[in-house]
Amino acid sequence: MGARTNSISEVLYEEVAAVDTTEIIKLKATAQDEWKPQIVWRNVILFTALHIGAFIGLYQLIFQASFMTIIWTIVCQVLSELSITAGAHRLWAHRSYKARTPLKIFLMLTNCMALQNDIIEWARDHRCHHKWTDTDADPHNIERGFFFAHMGWLMTKKHPKLKEMGGKLDLTDLTSDPVLAFQRRHYLPLIGFFCFLFPALVAVYGWNESFFVAWYTACIFRYCSSLHVTWLINSAAHTFGYRPYDQNISPAENPWTSFTAIGEGGHNFHHTFPYDYRTSEMPLFLNFTRGFIDVCAKLGLAYDMKVVSKESIERQKSKHAERKHG
Ligand code: ZN
Ligand code: ZN
């Protein structure tokens, strides 16, 4: 295995990162074909309203917003994405590096702007996704189709197998984190302010943008587009691309989604080496999140970044090639 320079306990390490192959085989063998997802109509209505609002926001972004508002909307988009990629994903779900409290607070607050459930819930769902990929215990199981993996899973009730298996995960590393406990305790007011008010207020008080334009662009359009960028990793990066590290899994290397999701599209690498903080071997312009974590490390805010050794990666690739040609 690669260099593991952290002090994470072996048990927790297994919990966080390991693929549960035995269970995956069992889950696939006992999959219930007759199970039909139950639609949650409240979420269908909310997502429909959000998309109508996002189209209004897109129109305003193109025809009515000031230059500063356009730039600010992009900044909010990047902050929302970073809170997922560097925060909920690489820091908390995978523990692929460690962060000092100021960085944790920054990522937790911007995570409220991103509004994708609180970090504890996000990380639990994501750990299920890695441990039991492409089975009923994977929240966005690609076997149920592109749309289900993209956003359909958020408009249906969880599969009983996901509830059962997810309930077995030890999440004490997350629930004992005071920054995450604070987010969970005050989640509603935090998302109300950071997702739906703060981005608009900055534009209104910063450069006299109208509240109407600022709200539809920096809040609604930005929220909706940041959701799709994340969702594309679960749908597109599990469907399209090449698989140089493991040809037997659905996650693929997908540079387009890596660009839009600031570094998360090296998905064949990531599912093969989930504890590597870089999540891919792609260059920096396709992995802005890695650059962000590196800068944080230089500032003393991030440390103990886990990296798989080059030899391990090459060994994995050559095994893959052997299987392919042998
Ligand atoms: Zn995945
Ligand atoms: Zn992951």
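Keep in mind that what you see is a predicted model, and the values were worked out from it rather than measured.

Participant: Requested: an account of the overall build of the chain, with residues and values cited.
Facilitator: Scanning the chain for helices and strands turns up 17 helices and two strands. Across its three principal directions, the C-alpha atoms of the chain cover 65 × 50 × 40 Å. Relative to its full complement of 326 residues, the chain shows a buried share of 44%. In the chain, once contacts between residues fewer than 6 apart in sequence are set aside, the share between residues at least 24 apart is 72%.

Participant: Account for the environment of Cys224, with residues named and values stated.
Facilitator: Within the secondary structure, Cys224 is located in helix H13 (residues 211–235). Classification of Cys224 by C-beta neighbours within 10 Å gives partly exposed; the count is 19. Through-space distance from the C-alpha of Cys224 to that of Glu264 is 18 Å; in sequence the pair is 40 residues apart.

Participant: I'd love a proper account of the packing of helix H4 (residues 67–93) against helix H6 (residues 119–131), names of residues and values included.
Facilitator: In the contact formed by H4 and H6, the axes pass within 10 Å of each other and the chain directions differ by 65°. The crossing of H4 and H6 is right-handed. Two secondary-structure elements touch here, H4 through Gly87, Ala88, His89, Trp92 and Ala93 and H6 through Ile119, Trp122, Ala123, His126 and Arg127. Here the residues of the contact of H4 with H6 are counted per class, giving six nonpolar, three polar and one charged.

Participant: Got a sec to walk through the environment of Gln38? Specific residues and values, please.
Facilitator: Among the structural elements, Gln38 can be located in the loop between helix H2 (21–29) and helix H3 (41–63). Here Gln38 falls in the exposed class, since 10 other C-beta atoms lie within 10 Å of it. Each C-alpha atom, one on Gln38 and one on Met155, is 8.4 Å from the other, the two residues being 117 residues apart in sequence. What Gln38 contacts, discounting residues up to four positions off in sequence, is Thr156 and Lys157.

Participant: Please provide a residue-by-residue account of the environment of Trp122, values included.
Facilitator: Relative to the assigned elements, Trp122 resides in helix H6. Other than its neighbours up to four places away in sequence, Trp122 contacts Ala88, Ala93, Gln116 and Asn117.

Participant: Residues and numbers for H4, please.
Facilitator: The first and last C-alpha atoms of H4 sit 36 Å apart over 27 residues, in line with the 39 Å expected at 1.5 Å per residue. Along H4, 20 of the 27 residues are buried, which leaves the element largely enclosed by surrounding structure. With its phi angle positive at about 50°, Arg95 sits one or two positions after the end of H4.

Participant: Please provide a residue-by-residue account of H13, values included.
Facilitator: Since the α-helix packs 3.6 residues into each turn, any two residues three or four apart lie on the same face. An ideal rise of 1.5 Å per residue puts 36 Å on 25 residues; H13 measures up with 34 Å between its terminal C-alpha atoms. A maximum bend of about 30° is found in H13 at Arg222. Among the 25 residues of H13, 20 are classified as buried, and the element is accordingly described as predominantly covered.

Participant: Give me the lowdown on the packing of H4 against helix H16 (residues 288–298), citing residues and values where you can.
Facilitator: Relative placement of two packed helices is described by the angle separating their axes and the distance separating the axes. In the contact formed by H4 and H16, the axes pass within 10 Å of each other and the chain directions differ by 70°. With respect to H16, the element H4 is oriented roughly perpendicular. Here Leu82, Thr85, Ala86 and Arg90 of H4 come into contact with H16, specifically with Thr289, Phe292 and Ile293. Grouping the constituent residues of the contact of H4 with H16 by class yields four nonpolar, two polar and one charged.

Participant: Could you give an account of unusual backbone geometry, naming the residues involved and the relevant values?
Facilitator: At Asn117, a residue that is not glycine, the phi angle is positive and equals roughly 75°. Within the fold, Asn117 resides in the loop between helix H5 (101–114) and H6. We classify Asn117 as partly exposed; it has 16 C-beta atoms within 10 Å. The backbone of Thr279 sits at a positive phi, close to 60°, despite the residue not being glycine. Following the sequence through the fold, Thr279 ends up in the loop between helix H15 (267–272) and H16. According to the C-beta neighbour criterion, Thr279 is buried, with 27 such atoms within 10 Å.

What counts, and where the lines are drawn
Residues numbered from 1 in each chain as written. Chains lettered and ligands numbered in written order. Predicted model: local features only at pLDDT ≥ 70, side-chain atom pairs only at ≥ 80, totals over all residues. Helix = DSSP H or I, 4+ residues; strand = E, 2+ residues; numbered from the N terminus. Buried ≥ 20, exposed ≤ 12 C-beta atoms within 10 Å, placed from the backbone. Contact = placed C-beta atoms within 7 Å. Axes fitted to C-alpha atoms, helices over the stretch in contact; angles between N-to-C directions. Left-handed = near helix turned anticlockwise from the far one by under 90°. Nonpolar A, V, L, I, M, F, W, Y, C, P; charged D, E, K, R; others polar. Expected span 1.5 Å × (residues − 1). Bend = angle between axes of the 7 residues up to and from the residue. Parallel < 35°, antiparallel > 145°, perpendicular 65-115°, else oblique.

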